[in-house]
Amino acid sequence: MKSYLPAEFIIERNEDRCIRCLACVRQCGFETHVYDAEEDSLLSKEELCVGCLRCVTICPTRALTVRTNPSEPRPNANWTREHLRDVARQAESGGVILTGSGNDKPIRSYWDHLYLNASQVTNPSIDPLREPMELRTYLGKKPDTFNPGDAKTRESECSNVRIETPLLFSAMSFGAISLQAMQSLAQAASEYGTLFNTGEGGLPSELVDYGKSAIVQCASGRFGVNWEYLNNSAIVEIKIGQGAKPGIGGHLPGEKVLAKVAETRMIPMGTDALSPAPQHDIYSIEDLSMLIYALKEATNYRKPISVKIAAVHNAAAIATGMVRAGADMIVIDGIRGGTGAAPKLIRDHVGIPIELALAAVDSRLREEGIRNWASLVAAGGFRSAADVIKAIALGADAVYLGTAALVAMGCTICQKCYTGICNWGICTNRPELAKRLNPDVAARRLENLLRAWSLEIKEILGGMGVNAIESLRGNRLQLRGVGLEEWELRVLGVKGAGE
């Protein structure tokens, strides 16, 4: 069947610069570039280009340019270029349109409409270069009362886990990302004193030494879950939902389940790894409580138990029920959360922004007097240290970094993760592609990101006259909204600028 889809990208090759080194041919897993030996010429199959820019970056003479195809159909406010492409794609395939990464629609980013306070005269600012700034964070249930003179520390009394910065690496499972990418995350988290999340694919045997820095997931598929896996961790997380696809399960195609992935997930090689949408252990809050305490029993009450949900309109009520069911940590993943593969329709239309869900959950827990019973972790589209510190002011204890971590490793968000082809060696299991990612180099880049954002958080705290991250947590008086509706300010729990 002839495709009616025009190429999304145009590839321009400067023939005066091109030296026929064929780097572009070797580097493109999508086989966009082709060398004609008889003509000694290079051709580009533009319809195969995904815009990952690997060829542009690798080209030693900078002979290549990739740009978005400027050709547009007749303007129509109702039928946009994207709608036309999606209908044409489904007419050709007859299937659900999949996509990777997070929501790319112009959803309002509330972070860009929230502004932080700064110290002036009566409350002087603090110089973070000369005075200590405390970013250390404890994850887990806090006691109702705490005596500093007590011999017990917060870690031992309530199974808290200490991290040196309120930045965590989000759940990305082995199989969805390469072993090299997971090793990079584990190595960086271990070196910097924070945590990475294994996702629902288990912990590869090569990374068991990083268990003390791991949040391990127990999802509906129970991939890789056993006693050793649960106990070789810092935190155990029950995954119920995620922001990119609320209400549906996970799917790792069989072609990505190679030998090592199959061994780690404890499934046959080449079979689809399906995580059912419902957790068949959980059909009520009582069932969730039983699972939480089963995991606590399995880990001898030494690990905080986390529960992860997608940001939905009744997230506040759900979260309070989970906290009362025994959860030590609640993770809320917003609509801008990333993914390896999700139906495009669900990614773009189901769920709510993390800012609104986070504020609603924090407010509800405080109203019920149980905010100290669990830590709150926010996830879904954090782009900068400013986003992070605003999330903490809205009530988060820490945030998950997913897409930002991938970008630090080299990802250009071409959104083709679901194909299993990643020219940067991140979201692929093909050995010839995965080996392109050097874990030591990627880990150093991730550490640099953590260090840079932590320094910026300290700078902002100093400017606010605050010397400890705990003093800002849930302090919405330090925020003001600009360009927001009255109902939005009410849900966020912040005042308008000038009030």
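What you are looking at is a predicted structure, and each value in this text was computed from that prediction instead of being measured. (Residues numbered from 1 in each chain as written. Predicted model: local features only at pLDDT ≥ 70, side-chain atom pairs only at ≥ 80, totals over all residues. Heavy atoms only, no water.)

### Let's talk about the overall build of the protein chain
Put simply, the rule is: We count a stretch as a helix when DSSP gives it H or I for four or more residues in a row; a strand needs E for two or more, and each element gets its number in order from the N terminus. Throughout, the radius of gyration refers to the C-alpha atoms, and the reference size of a globule is 2.2 Å times the residue count to the power 0.38. Contacts are residue-level and defined by heavy atoms, with any inter-residue pair within 4.5 Å sufficient. Positive residues here are Lys and Arg, negative ones are Asp and Glu, while His and the chain termini are left out of the count. Every charge is mapped to an atom, namely NZ of Lys, CZ of Arg, CG of Asp or CD of Glu.
On a plain count of helices and strands, the protein chain comes out with 16 helices and 21 strands. In terms of C-alpha radius of gyration, the protein chain reaches 24 Å, essentially the compact-globule figure of 23 Å for 499 residues. Across its three principal axes, the protein chain shows a C-alpha extent of roughly 80 × 55 × 45 Å. Within the protein chain, contacts between residues at least 6 apart in sequence are counted, and of these 69% link residues at least 24 apart. The centroid of the 55 positive side-chain charges in the protein chain is displaced by 1 Å from the centroid of its 57 negative side-chain charges.

### Re the side chain of Arg 371
Spelled out, the test is: Buried, partly exposed and exposed residues are distinguished by accessible area as a fraction of the type maximum, computed with a 1.4 Å probe on protein chains only: under 20%, between the cut-offs, and over 50%, respectively. Pairs of N or O atoms within 3.5 Å make up the polar contacts considered here, provided that, within protein, one atom can donate a hydrogen while the other can accept it, and that residues adjacent in sequence are counted only when both atoms are side-chain atoms.
Here Arg 371 lies in the loop between helix 11 (354–367) and strand 18 (375–379). Judged by relative accessible area, which is 12%, Arg 371 ranks as buried. In this structure the side chain of Arg 371 is engaged in a polar contact, spanning 2.8 Å, whose partner is the backbone oxygen of Ala 374. In contact with Arg 371, not counting residues within four places along its chain, are Asp 362, Leu 365, Arg 366, Leu 376, Gly 395, Asp 397 and Arg 473.

### Quick word on the domain arrangement of the protein chain
Definition in use: Each domain span listed reflects an automatic or database assignment of domains. Throughout, the accessible surface (probe 1.4 Å) given up by two parts as they are put together, summed over both, is called the buried area. The rule for a salt bridge is simple: a side-chain nitrogen of Lys or Arg has to be within 4 Å of a carboxyl oxygen of Asp or Glu.
In terms of domain boundaries, the protein chain breaks down into domain 1 (9–95) and domain 2 (112–496). For domain 1 and domain 2, the distance between their C-alpha centres works out to 35 Å. Tallying the contact residues gives 14 residues for domain 1 and 12 residues for domain 2. Between domain 1 and domain 2, the buried area comes to about 1100 Å², and carbon and sulfur atoms account for 51% of it. The three residues of domain 1 that bury the most area against domain 2 are Phe 30, Cys 52 and Arg 54, which together make up 46% of that side's buried surface. Ionic pairing is found between Lys 344 and Asp 86, a salt bridge with its closest N-O pair at 2.7 Å. In this structure, the connection of domain 1 to domain 2 is made through 8 residue pairs in polar contact (both at pLDDT 80 or more). Mapped by element, the contributors of at least two residues to the side of domain 1 that touches domain 2 are helix 1 (23–27), helix 2 (54–58) and helix 3 (81–93). Of all the elements, helix 3 adds the most residues to the side of domain 1 that touches domain 2, at 3 residues.

### A word on the packing of aromatic side chains
Inclusion rule: Any Phe, Tyr or Trp ring, taking Trp's six-membered ring, that has another such ring centre within 6.5 Å forms a pair; planes under 30 degrees apart are called stacked, those over 60 apart edge-to-face, and the others tilted. Only lysine NZ and arginine CZ atoms are considered, and such an atom sits over a ring when it is within 6 Å of the ring centre and within 35 degrees of the ring normal.
All chains considered together, the criterion is met by 1 aromatic pair. Geometrically, the ring pair formed by Trp 111 and Phe 382 is tilted, given 5.5 Å between the ring centres and 35° between the ring planes. Of this pair, Trp 111 sits in the loop between strand 5 (98–99) and strand 6 (114–116) while Phe 382 sits in the loop between strand 18 and helix 12 (385–394), and the two are 271 residues apart along the sequence. For the pair Trp 111 and Phe 382, one class covers both residues: buried. Here Arg 54 stacks its cationic end above the ring of Trp 424, 4.7 Å away from the centre of that ring.

### Focus: the packing of helix 12 against helix 15 (residues 439–464)
Short version of the rule: Only C-alpha atoms enter the line fits that serve as axes; for helices the fit covers just the stretch in contact. Angles between N-to-C directions range over 0 to 180 degrees. If an angle is under 35 degrees, it is roughly parallel; if it is over 145, roughly antiparallel; if it lies from 65 to 115, roughly perpendicular; otherwise it is oblique. Handedness of each helix crossing follows the sense of rotation of the near helix against the far helix: counterclockwise by less than a right angle gives left-handed, clockwise gives right-handed. Under the convention adopted here, Pro, Cys and the residues Ala, Val, Leu, Ile, Met, Phe, Trp and Tyr are nonpolar, Asp, Glu, Lys and Arg are charged, and Gly plus all remaining residues are polar.
Direction vectors running N to C along helix 12 and helix 15 enclose 55°, while the axes themselves pass 9 Å from each other. As judged from the angle between their axes, helix 12 and helix 15 are oblique. Every pair of crossing elements has a handedness; the one defined by helix 12 and helix 15 is right-handed. Across the interface between the two elements, Ala 385, Ala 386, Val 388 and Ile 389 of helix 12 pack against Trp 453, Glu 456, Ile 457, Ile 460 and Leu 461 of helix 15. For the contact of helix 12 with helix 15, the residue count by class is 8 nonpolar, no polar and 1 charged.

### Re the nonpolar core
Convention followed: Only buried residues count toward a nonpolar core. Its members are Ala, Val, Leu, Ile, Met, Phe, Trp, Tyr and Cys residues joined through side-chain atoms within 4.5 Å.
Within the largest apolar cluster, 109 residues are counted, with the highest numbers of intra-cluster contacts made by Ile 330 and Ile 426. With 9 residues, helix 15 is the single largest residue contributor to this core. When residues are assigned to domains, this core turns out to be shared by domain 1 (9–95) and domain 2 (112–496), each giving three or more. Counting residues in hydrophobic clusters, the runner-up holds 14 residues, among them Leu 139, Ile 163, Val 377 and Ala 398.

### Comments concerning empty space enclosed by the protein
The gaps left among the atoms become clear once a water-sized probe is rolled over them. As a reminder, the rule being used: With a 1 Å grid laid over protein atoms only, a set of points is called a cavity when a 1.4 Å probe fits there but cannot get out and a pocket when it is open yet has protein on both sides within 12 Å along at least five of seven lines; lining residues have an atom within 4 Å of a point. Grid points are joined across faces, edges and corners, and a volume is the space filled by probe spheres set on the points.
A complete count under the given rule lists 4 cavities of 30 Å³ or more for this structure. Taken as a whole, the largest cavity spans an internal volume of roughly 140 Å³. Around the largest cavity, the lining is made up of 16 residues, and of these Cys 411, Ile 413, Cys 414, Cys 417 and Cys 422 lie nearest the centre. Of the residues belonging to the lining of the largest cavity, the class tally is 11 nonpolar, 4 polar and 1 charged.

### Digging into the sheet that holds strand 21 (residues 495–496)
Note the threshold: By definition, two strands form a pair when at least two bridges between them are found by DSSP.
Pairing within the open sheet is mixed, and its 3 strands lie in the order 6-20-21. Each edge of the open sheet carries a strand with a single partner, namely strand 6 and strand 21. Strand direction decides the pairing type here: strand 20 (residues 479–481) and strand 21, joined by 2 bridges, are parallel. Residue Gly 481 lies in a different strand from strand 21, and its bridge partner there is Gly 496.

### Details of unusual backbone geometry
Only a minority of non-glycine residues have a phi that is not negative, and only a minority of peptide bonds are not trans. A positive phi angle, near 60°, is found at Glu 31, a position not held by glycine. With respect to the helices, strands and loops of the structure, Glu 31 is situated in the loop between helix 1 and strand 2 (33–36). The class of Glu 31 is exposed, set by a relative accessible area of 59%.

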